[in-house]
Amino acid sequence: MPSPRTTAVHPAWLPPGAFAALGGRRVVVAGDGALTSTVAAEVAAATAAHGGSWARLEVGAGTADADLVLTLAEDDPSNDADEGFRFMRDGGSAVVQAPTERGLLYGFFHVVRLGEDAFAGPDTDETHAPAAELRMIDHWDNVDVHPTMGQVERGYSGGSLFYASGRVRDDLSRLDAYARLLAAAGINRIAINNVNVHAREARLLTEDLAGVARIAAAFRPWGIRVHLSVSFASPTLLGGLSSNDPLDPEVAHWWVRAAARVWDLVPDFGGLVVKADSEGQPGPFAYGRTHADGANMLARAVAPYGGLVHWRAFVYDHRQDWRDRSTDRARAAYDHFAPLDGTFDENVVLQVKYGPLDFQAREPVSPVLAAMPATRLALELQVTQEYTGQQQHAVYLGPQWSAILRFRLAGGPEAGDDGTVAGLVAGSGGFAAVSNAGTDELWTGHPFAQANLYAYGRLAWDPLLDPSAILDEWVALTFPDAPVELGEALHAVLDTSWETYEMYTAPLGVGFMVRPGHHYGPDVDGYEYTPWGTYHFADRDGIGVDRTQATGTGYTGQYPAPWSDVYESLGTCPDELLLFFHHVPYSHVLRSGKTVIQHVYDTHSEGVERVEAMIAAWEPVAGLVDPAVAERVAERLAEQLRSAIEWRDQVRTYFFRKSGVPDEKGRRIF
Ligand code: GCW
């Protein structure tokens, strides 16, 4: 019997075939509770589809005949925070034992991922546990369709999975499939609305609570807790108060009552997400208060319920004057937040974008992550591909995230792994990332963008996983019956796709160069004279932003040693970030031995050639996948090539016109 889920929506990384190994065996599920029932239902569907058998027993009941036992531990310590499990393989049979139901769920998906290897392989006894307790996905979904952003801000996958016709959907059945996919990737928290909270969306906190409760109910069987983005101005907007001052007792009391109403309806509600004093959103600055004042006031309202406040560090001046060379957007988060270290309540998580600007394909890691040891910090990533091809381009972001997570930001070499970005956040505020999923029948627009959502979850569970191995997992799960050539082709297309995208877009860490507003396609000067910040300063002689302490904005001084020195000096600054930190002449010779201008010419030509190679690698295997997937991939690859050519020609031409320096390889410039 085929799984009923496959007919409605694309199964992504959980097609029935992914369950063949366990589904053909004798399986026992032992234990009580809602999540154990989720596991039991999965086992029932898998064994029905693949000819095995299953039984649900009491913990500790005889399980001698089983090939696979999924059991809660007998001596249940009931530490709800424990999501780990023990995996044992012995003579061809396997046991998953977990202290909590959530651990059992993750142990089940571990077995699914292993496939036949769960049973065939050397005997083993392993324990597994996530590196981070907080593994969150954020949706930038609006209830209403926004006039310029559409329903999902920076969404490239159709409409919202949660809202339709101006309210929470009546039919939330698709959320079950979505929650299942997220749980299988290890995600355990979800924020269900945009951090830009417009008037309609603000009311989710009050009059739409019944709908929020229904959404939470859809995620609950999968161990995922729901969070809401809220407007800092809710007391005036929704409560009719005259102020939102965080130190005003009436305001604090309004939030206390709001929290009580939420947790009354949704007892396992996760907490609030806040974008304050950022890009026009209200915040504590209007009342002369700090962000700690604002965050702590909310934190105290939600603390009695174990709730969290995810407070975003994305605060900068978006009304700059391009003539003012002293304002540097890259400095803003550190300048605002580092002085507040140690002043946030324990249930505040400061959510920090991975770079100091805004999810560019290449940025240095945010210095804020090393500057606030007495604050719970979360790393914020962007799975939705706002600045990385908007799910038109095949860009596998696993390698980018892995490089960020492994980067040794703090403490120098002595700090060991604690000083990596993963080490700084995993045991602290964990991970958050903006989702790329929507109502698109393939979930993510580009079918290959599914791999990004999967990879984010897996890296949040274990930041040291190899992104190429994660891709193997995703391929094996998504295409369980495909011949090995398909996997090889997917590696050829995706392994270096981030680097390829970087090659044909903004060079050497300078960033942006995108069309303002929608951020798709090239526009070298698009943002250069706008209030949002200035990014490349190209003139006839050179390009780049001087962010040194010696002669520039001083941003390099926000880094701990050795990075402050490494980035300060032209001699040691890595090539890929050169123009982020320095303004140099076009004739400047990179560590690669090429001049900056020739590097720009070469990478832009090579980037297009690499997209052509991606297409050549994919075409021979396209017939191996579902025709709907093949058709979508073909259409997107064609657009990627068109767009890469557009980028190449505009960027090469722009810099030839600015510099007058010809391409030494004599290639055509327009
Ligand atoms: O990347 C920018 C986006 C905005 C977004 C903002 C943010 C939700 O262009 O659309 O707003 O970042 O992260 O708050």
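Residues numbered from 1 in each chain as written. Predicted model: local features only at pLDDT ≥ 70, side-chain atom pairs only at ≥ 80, totals over all residues. Heavy atoms only, no water.

1. Remarks on the site of the ligand
As a reminder, the rule being used: The criterion for a residue being near a molecule or strand is simple. One of its heavy atoms has to lie within 4 Å of it. We call two N or O atoms a polar contact when they sit within 3.5 Å, provided that within protein one can donate a hydrogen and the other can accept it, with sequence-adjacent residues counted only if both atoms are side-chain atoms. All accessibility values rest on the Shrake-Rupley procedure with a 1.4 Å probe; residue burial counts only the protein chains present in the view. Only Asp, Glu, Lys and Arg are considered charged in this grouping, and only Ala, Val, Leu, Ile, Met, Phe, Trp, Tyr, Cys and Pro are considered nonpolar; every other residue, Gly among them, is considered polar.
By nearness alone, 15 residues border the ligand, and E153, K275, R312, K353 and E386 come closest of all. Within the side chain of R312, one N or O atom sits 2.7 Å away from an oxygen atom of the ligand. Within the side chain of E386, a nitrogen or oxygen atom sits 2.5 Å from an oxygen atom of the ligand. Against a free-state accessible area of 340 Å², the protein chains account for coverage of 98% of the ligand. Of the residues in the shell around the ligand, the class split is 4 nonpolar, 3 polar and 8 charged.

2. Brief notes about the UniProt feature "domain: Glycosyl hydrolase family 67 C-terminal" (unreviewed entry) in the chain
Counted only if it meets this: UniProt positions are given in the numbering used here, feature names are shortened, and annotations may be inferred rather than shown by experiment. Here a helix means four or more residues in a row that DSSP labels H or I, a strand means two or more in a row labelled E, and each is numbered from the N terminus.
Taken from the UniProt record, the annotation "domain: Glycosyl hydrolase family 67 C-terminal" (unreviewed entry) applies to residues 444–667. Taken end to end, residues 444–667 comprises 49% helix and 2% strand; its first and last C-alpha atoms sit 37 Å apart.

3. Focus on the pattern of salt bridges
Once the charged atoms of two side chains with opposite charge are near each other, the side chains can pair. Counted only if it meets this: For this analysis, a salt bridge means a side-chain nitrogen from Lys or Arg found within 4 Å of a carboxyl oxygen belonging to Asp or Glu. Only protein chains enter the accessibility calculation, which uses a 1.4 Å probe; a residue whose area is less than 20% of its type maximum is buried, one above 50% is exposed, and one in between is partly exposed.
Scanning all chains against the criterion turns up 37 salt bridges. Of the charged contacts, one joins E42 and R180 as a salt bridge, the two residues approaching to 2.8 Å between their closest N and O atoms. One end of the pair, E42, is in helix α3 (residues 34–50); the other, R180, is in helix α5 (residues 173–185), with 138 residues separating them in the sequence. Neither E42 nor R180 differs from the other in exposure class; each is buried. One salt bridge connects E207 with R203, and the closest N-O pair in it is separated by 3.0 Å. Exposure remark for R203: the relative accessible area of 29% places this residue in the partly exposed category. Residues joined in a network through salt bridges with shared partners are K594, D602, R652, D663, K665 and R667.

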